[in-house]
Amino acid sequence: MPLLGAPDVARAASGCSGRPAKTVEFSTGELRVYKSRAQACAVTVAKKPGKRRTMSVTLQARGGRAVIDKGSYTKMAGPVTVSALNRCVRATGAIGKKSASTGWILC
């Protein structure tokens, strides 16, 4: 008998509010960036959740400090948010030695 209420990986929430602005896929996962009116948010999501490994997500608004979430996770790193009202942002996501970056976006 299947377990009721078992977590469904495909429906895992990003933890970010706003609309999807950019998704960059790489071999072990994806970097997702979201934009609301005044903020940008980013997460790194593993393609194959389960095993604990080093993951990180970095988000920076032009002229501002980078916000980083790095640790040993099973499913995702983040969310991280920055104030991005009328500012470009860039994001980087990594899982193990593989990574992806957006360059400057939302300008």
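Residues numbered from 1 in each chain as written. Predicted model: local features only at pLDDT ≥ 70, side-chain atom pairs only at ≥ 80, totals over all residues. Heavy atoms only, no water.

Student: What is the right way to look at the packing of aromatic side chains in this model?
Tutor: Here the distance between the centres and the angle between the planes together describe a pair of aromatic rings. In the structure shown here, the tally under the stated rule is zero aromatic pairs. The side chain of R62 reaches across the aromatic face of W104, ending 4.2 Å from its centre. (Phe/Tyr/Trp six-rings, centres within 6.5 Å; stacked < 30°, edge-to-face > 60°. Lys NZ or Arg CZ within 6 Å of the ring centre and 35° of its normal.)

Student: What is the right way to read the nonpolar core from this model?
Tutor: For soluble globular proteins, nonpolar side chains are generally found buried alongside one another. Ranked by size, the top nonpolar core spans 20 residues in total, and within it A40, A42, V57, L59, V82, V89 and A91 carry the most contacts. Of all the elements in the fold, those that place two or more residues in this core are β1 (19-26), β2 (29-35), β3 (39-46), β4 (53-61), β6 (76-83) and β7 (89-95). For this core, the element with the most residues is β4, which contributes four residues. Among residues more than four places away in sequence, those in contact with A91 are L31, V33, A42, T58, L59, A100, S101, T102 and G103. (Core = buried A, V, L, I, M, F, W, Y, C linked by side-chain atoms within 4.5 Å. Buried < 20%, exposed > 50% of the residue type's maximum accessible area, 1.4 Å probe, protein only. Helix = DSSP H or I, 4+ residues; strand = E, 2+ residues; numbered from the N terminus. Contact = heavy atoms within 4.5 Å.)

Student: Please explain unusual backbone geometry as it appears in this structure.
Tutor: Excluding glycine, residues mostly have negative phi values, and the peptide bonds linking residues are mostly trans. Residue G78 is joined to P79 through a cis peptide bond whose omega torsion reads 10 degrees. When you line up the elements, P79 lands in strand β6. In this structure, N86 takes a positive phi of about 60 degrees despite not being glycine. Tracing the backbone shows N86 in the loop between β6 and β7. Take N86: its relative accessible area is 76%, and that puts it in the exposed class. Unusually for a residue other than glycine, L106 sits at a positive phi of about 60 degrees.

Student: Help me understand the sheet that holds strand β8 (residues 98-101) in this model?
Tutor: Note on sheets: strands pair through backbone hydrogen bonds, and any given pair is parallel or antiparallel. Pairing is antiparallel across the open sheet formed by four strands, whose spatial order is β5-β4-β7-β8. Of all strands in the sheet, those with a lone pairing partner are β5 (67-73) and β8, marking the two edges. For this sheet, the mean angle separating the axes of adjacent strands, direction not counted, is 10 degrees. Relative to β7, β4 runs antiparallel, the two being bridged by seven bridges. Looking at β7, one finds that M55 is bridged to I95. (Pairing = 2+ DSSP bridges. Axes fitted to C-alpha atoms, helices over the stretch in contact; angles between N-to-C directions.)

Student: Which parts of the structure should I look at to understand the pattern of salt bridges?
Tutor: Oppositely charged side chains can form a pair if their charged atoms are brought close together. Enumeration according to the criterion identifies two salt bridges in this entry. The partner of E25 in a salt bridge is K47, and the shortest N-O contact between them spans 3.9 Å. Pair noted here: E25 is in strand β1 and K47 is in the loop between β3 and β4, with a separation of 22 residues, a long-range link. By relative accessible area, which is 54% here, E25 ends up exposed. Its relative accessible area of 46% is what places K47 among the partly exposed residues. For E30, the salt bridge identified is with R32, shortest N-O distance 2.6 Å. (Salt bridge = Lys/Arg side-chain N within 4 Å of Asp/Glu carboxyl O.)

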